[in-house]
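If you want the building blocks of each chain, they are given just below.
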Amino acid sequence: MSAPSRFPPLLKVGVFPEPVELALLETFTLAEFDDLGREGKPRHDEIAGIVTRSNYRISRELIDQLPGLRIISTNGVGYDGIPLDYARQKGIVVTNTPEVLNEAVAEMAVGLLLALLRHIPGADAFVREGAWPAMSFPLGTTLAGKKVGIVGLGRIGKEIVKRLLPFRVDVAYFGRSRQDVEWAYFDDINPLAAYVDILVLCCPGGPETRGLIDARVLQSLGPKGFLVNVARGSVVNEPDLCRALIDKTIAGAALDVFNREPLDASPLRDLDNVVLAPHIGSATHETRMRMAALAIRNLCDFFDTGRAVTAVA
Ligand code: 8YV
């Protein structure tokens, strides 16, 4: 239970790791939606802010039920789950937590890629199941010398490149515009997919990138190609990806994000040329506490001064 706060009550949307929730409770009174209006709980019109996580969605309908809402603070860099234009129309500030999670997500991308190329999850199961005495484990693929295509060379994408270069790879990238970097720029995803051995998705989610990776792109990537996704599940046409993995149109995929999360019944869970993770790109103790600190600072600064530290542009 939190001590009385000098700030207006917040609606908490989503489940937070305990240390993050405790940090929030040190500063704010948090309410769950179903409790609003109940005895001893804030009324709907008393809620001045929402604190959430970037893998949750905030609907227009929810916003309309909170007439006093002034700020939506998400723990995370992505804000594709928030109706930004609608929030702006209603004068609601939206804040995220950029930069502080770049390293964690970049490490996850590299970890997933190596796990995929060297079949590390399968190797662990191979030893645990006692299969080693009877057979040799299948060969993997070397990262060194490969061409890696970065889809979305933003802050996280650049951190991924920094970590991949020591593995002696060639880098190319696709994005909205050419940047002042030494790597090859592709303004079309298909030629990039045809050029590289590996595609790493680290672009924002949302309408601009929805379904960007489809059957045609996967065909271009080819039977020796690999896909890593630490961006958003929405960036990939998941039925096309399943088909490409089953038909060996591509060699394999490592996925931390999915069209629907948590991933429920899906062919992806039955394939041995896939590495799966439960959207844990930023899920380290250090990173989540830095994100929480920034989300809290956004809220405090906004309520105190009317300005947040990292309002979404
Ligand atoms: C959040 C995410 O990091 O940051 C993002 O955009 O994809 C999420 O993984 C996470 O929900 C923070 O708790």
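Here is a short report on the structure shown in this document. Just so it is clear, the model here is predicted, and its values are computed rather than measured. (Residues numbered from 1 in each chain as written. Predicted model: local features only at pLDDT ≥ 70, side-chain atom pairs only at ≥ 80, totals over all residues. Heavy atoms only, no water.)

As for empty space enclosed by the protein
Working step 1: In total, this model carries one cavity of 30 Å³ or more according to the counting rule given.
Working step 2: Here the largest cavity is characterised by a volume of approximately 30 Å³.
Working step 3: Taken together, Arg53, Ser54, Tyr56, Thr74, Gly78, Tyr79, Asp80, Gly81 and Ile82 make up the full set of residues lining the largest cavity. (1 Å grid on protein atoms, 1.4 Å probe; cavity = no way out; pocket = protein on both sides within 12 Å on 5 of 7 lines; lining within 4 Å. Points joined across faces, edges and corners; volume = space filled by probe spheres on them.)

Concerning the environment of Asp247
Working step 1: Following the sequence through the fold, Asp247 ends up in the loop between helix 9 (238-246) and strand 11 (252-255).
Working step 2: The exposure class assigned to Asp247 is partly exposed, which follows from its relative accessible area of 45%.
Working step 3: Residues Asp247 and Pro223, 24 residues apart in the sequence, show an inter-C-alpha distance of 9.3 Å. (Helix = DSSP H or I, 4+ residues; strand = E, 2+ residues; numbered from the N terminus. Buried < 20%, exposed > 50% of the residue type's maximum accessible area, 1.4 Å probe, protein only.)

A short note on the sheet that holds strand 9 (residues 198-201)
Working step 1: With parallel pairing, the seven strands of this open sheet are ordered in space as 8-7-6-9-10-11-12. Taken across any chain shown, the strands that pair with only one partner, and hence form the sheet edges, are strand 8 (184-186) and strand 12 (274-276). Neighbour to neighbour, the strand axes of the sheet diverge by 15 degrees on average, direction disregarded.
Working step 2: Here four bridges tie strand 10 (residues 226-229) to strand 11, and the two strands are oriented parallel to one another. Its bridge partner lying in strand 11, Leu227 is registered against Ala253.
Working step 3: Those strands touched by helix 4 (residues 102-117) are strand 9, strand 10, strand 11 and strand 12, and its axis lies near 150 degrees from that of strand 10.
Working step 4: The strands touched by helix 9 are strand 10, strand 11 and strand 12; relative to strand 11, the strand with the most contacts, the crossing angle is about 140 degrees. (Pairing = 2+ DSSP bridges. Axes fitted to C-alpha atoms, helices over the stretch in contact; angles between N-to-C directions. Contact = heavy atoms within 4.5 Å.)

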